[in-house]
Amino acid sequence: MTPSLLILTGSGISAESGLGTFRDTDGIWAKFDWQRLATPDGFREDPAEVHAFYNARRRGLMEAEPNPAHKALATLEAAWVRSGGNFTLVTQNIDDLHERAGSERLIHMHGELLQSRCGACSDLQACRDDLSITMSCRACGREGQLRPNVVWFGEMPIGVDEIFSILPSVTHFAAVGTSGAVWPAAGFAEEAGRAGATTWELSLEAGESGHVFTHAVYGKATETVPAWCDRILSETFA
Ligand code: BV8
């Protein structure tokens, strides 16, 4: 069977690049109300407040750099594919640090902070500056309809069908820097396990689905991920 690796990342992999996590004690949802800022109702209620929240995060992302964990995953992808394996990186993160580190086989299942989407015509545009309620869509011209291309609670994540089509043939699965609190991403490890894959959790501590993994490595991603990448590559393609 062709070695097929699916890696799921969460905000913990970007923590050492200076970007916030969500459910740690000093996390984003400890400071901000997810119902007002990460739901369609919240955006309808007060779009300016939601734009301010994501504009601040977008500006913060401009100051951030990929860290050794992002770079190790990009190096692993190239070596895994060169060795004839299948590789998919699914991220819950909306930052572009995986891309900047060189990852290519990437699915942003919760969207991308550096993209805007028109609520009227769904037009997507690259977006590196602030969004506001007074801006008009370049495609349809409607004013006040632009939003960050981010998946909010209650919205359909991106690429779910593709991910569930890959999981049954996965031989290796790793969740890196995620609490396993958000569905459907939280169910991927169990799905991979049902397919007979070895499953790894790399985080600071066991997440909500910690019990489903066959292996675990706890510690900071910049220390654990590079070593894990070397190990999994040499063990699989020795
Ligand atoms: C949907 C916006 C229908 C982007 C986010 C059961 C089944 C299906 C759905 C549900 C269900 N039960 C409830 C739901 C609804 C809901 C949900 O899961 N709610 C939870 C809270 C109970 N899910 C949804 O609404 C999703 N949509 O279900 O549509 C559907 C269903 C099935 C199939 C198709 C459609 C939409 C979810 C997306 C919501 N958007 N944010 C943004 O603003 O960024 S959620 C938010 O949580 C982020 O996207 C984030 O990526 C995501 C997950 O959080 P984590 O990344 O894991 O971050 P967290 O802080 O929690 O954990 C960090 C981890 O890192 C920790 O473990 C920590 O120890 C570790 N760490 C920290 N530092 C380091 C580290 N590790 C290593 N090194 C370090 N240095």
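Refer to the structure presented above.
Numbers given for residues are sequential positions, taken from 1 along each chain in its written order. Totals for whole chains, interfaces and linings use all residues, but because this is a predicted model, local features are given only for residues with pLDDT of at least 70 and pairs of side-chain atoms are given and counted only at 80 or more. Processing note: side-chain calculations cover all non-hydrogen atoms of the structure and skip hydrogens and water entirely.

**Q** An account of the pattern of salt bridges is requested, with residue identities and associated values reported.
**A** By convention in these notes, a salt bridge is any Lys or Arg side-chain nitrogen within 4 Å of a carboxyl oxygen on Asp or Glu. Under the criterion given, the structure shown has 8 salt bridges. In this structure, Arg44 engages Asp41 in a salt bridge whose closest nitrogen and oxygen atoms are separated by 2.5 Å. Linking Arg44 with Asp41, this pair stays in helix α3 (residues 40-45), spanning 3 residues, or about one helical turn. Buried, partly exposed and exposed residues are distinguished by accessible area as a fraction of the type maximum, computed with a 1.4 Å probe on protein chains only: under 20%, between the cut-offs, and over 50%, respectively. With a relative accessible area of 52%, Asp41 lands in the exposed category. Residue Arg59 is joined to Asp130 by a salt bridge in which the shortest nitrogen-to-oxygen separation is 3.0 Å. Here Asp130 lies in the loop between β5 (124-126) and β6 (146-150) and Arg59 lies in helix α4 (residues 47-62), a separation of 71 residues in the sequence. Of the residues examined, Arg59 reaches a relative accessible area of 48% and is grouped as partly exposed. The network of salt bridges with shared partners includes Glu65, Asp96 and Arg100. The way it works is that DSSP assigns letters per residue, a run of H or I at least four long becomes a helix, a run of E at least two long becomes a strand, and they are numbered from the N terminus.

**Q** Please provide a residue-by-residue account of the side chain of Glu201, values included.
**A** Along the polypeptide, Glu201 turns up in strand β8 (residues 198-203). Comment: no salt bridge for buried Glu201; closest opposite-charge side chain is Arg23, at 12 Å. Distance and chemistry together define a polar contact, namely a pair of N or O atoms within 3.5 Å, with one atom able to donate a hydrogen and the other to accept it when in protein, and with adjacent residues in sequence counting only for side-chain atoms on both sides. Polar contacts involving the side chain of Glu201 include one to the side chain of Tyr218, which spans 3.1 Å. When near neighbours in sequence (up to four residues on either side) are disregarded, Glu201 contacts Ala175, Thr178, Ala206, Gly207, Gly210, Phe213, His215, Ala216, Val217 and Tyr218. In this tally, Lys and Arg are treated as positive and Asp and Glu as negative; His is ignored, and so are the chain termini. Any two residues having at least one pair of non-hydrogen atoms within 4.5 Å are treated as being in contact.

**Q** Account for the site of the ligand, with residues named and values stated.
**A** Near, as used in this document, describes a residue that has one of its heavy atoms within 4 Å of the molecule or strand being considered. In the vicinity of the ligand lie 35 residues, with Phe22, Arg23, Gly154, Thr178 and Ser179 positioned nearest. Here Ala221 contributes a backbone N or O atom positioned 2.9 Å from a nitrogen atom of the ligand. Accessible areas in this description were obtained via Shrake-Rupley with a 1.4 Å probe; residue shielding takes into account the shown protein chains only. When the ligand sits alone it has 1500 Å² of accessible area, and the protein chains cover 79% of it. In the shell around the ligand, the residues fall into 16 nonpolar, 12 polar and 7 charged. When residues of the shell around the ligand are sorted by domain, at least three fall in each of domain 1 (1-19 + 67-110 + 157-238) and domain 2 (21-63 + 113-150). We call Asp, Glu, Lys and Arg charged. Ala, Val, Leu, Ile, Met, Phe, Trp, Tyr, Cys and Pro are nonpolar, and the rest, Gly among them, are polar. Domain start and end points were adopted from an automatic or database domain assignment.

**Q** Run through the sheet that holds strand β4 (residues 111-118), naming residues and quoting values.
**A** Strands sit in the order β5-β4-β6 across an open sheet of 3 strands; the sheet is antiparallel. Each having just a single partner strand, β5 and β6 make up the two edges of the open sheet. When the angles between neighbouring strand axes are averaged without regard to direction, this sheet yields 45 degrees. Bridging between β4 and β6 involves 5 bridges; their strand directions are antiparallel. If you follow Gly111 over to β6, its bridge partner there is Val150. Only the contacting stretch of a helix is used when fitting its axis, a line to C-alpha atoms as for every element, and angles between N-to-C directions run 0 to 180 degrees. Contacting β4 and β6, α4 crosses the sheet at an angle of about 135 degrees to β4. Pairing between strands is defined by DSSP: at least two bridges between them are needed.

**Q** Just give me the short version of the pairing of β8, but keep the residues and values in it.
**A** Across the 6 residues of β8, 5 count as buried, placing the element largely inside the fold. As paired strands, strand β7 (residues 172-176) and β8 are joined by 5 bridges and run parallel to one another. By the bridge assignment, Ala175 is partnered in β8 with Glu201. The definition of a right-handed crossover adopted here requires that, viewed with the strands pointing away, the path from the first strand over the helix to the second runs clockwise. Traced from β7 through helix α8 (residues 188-194) to β8, the parallel crossover comes out right-handed. Looking at chain direction, β8 and strand β9 (residues 215-218) are connected through 4 bridges and run parallel. Of the residues in β9, the one forming a bridge with Trp200 is His215.

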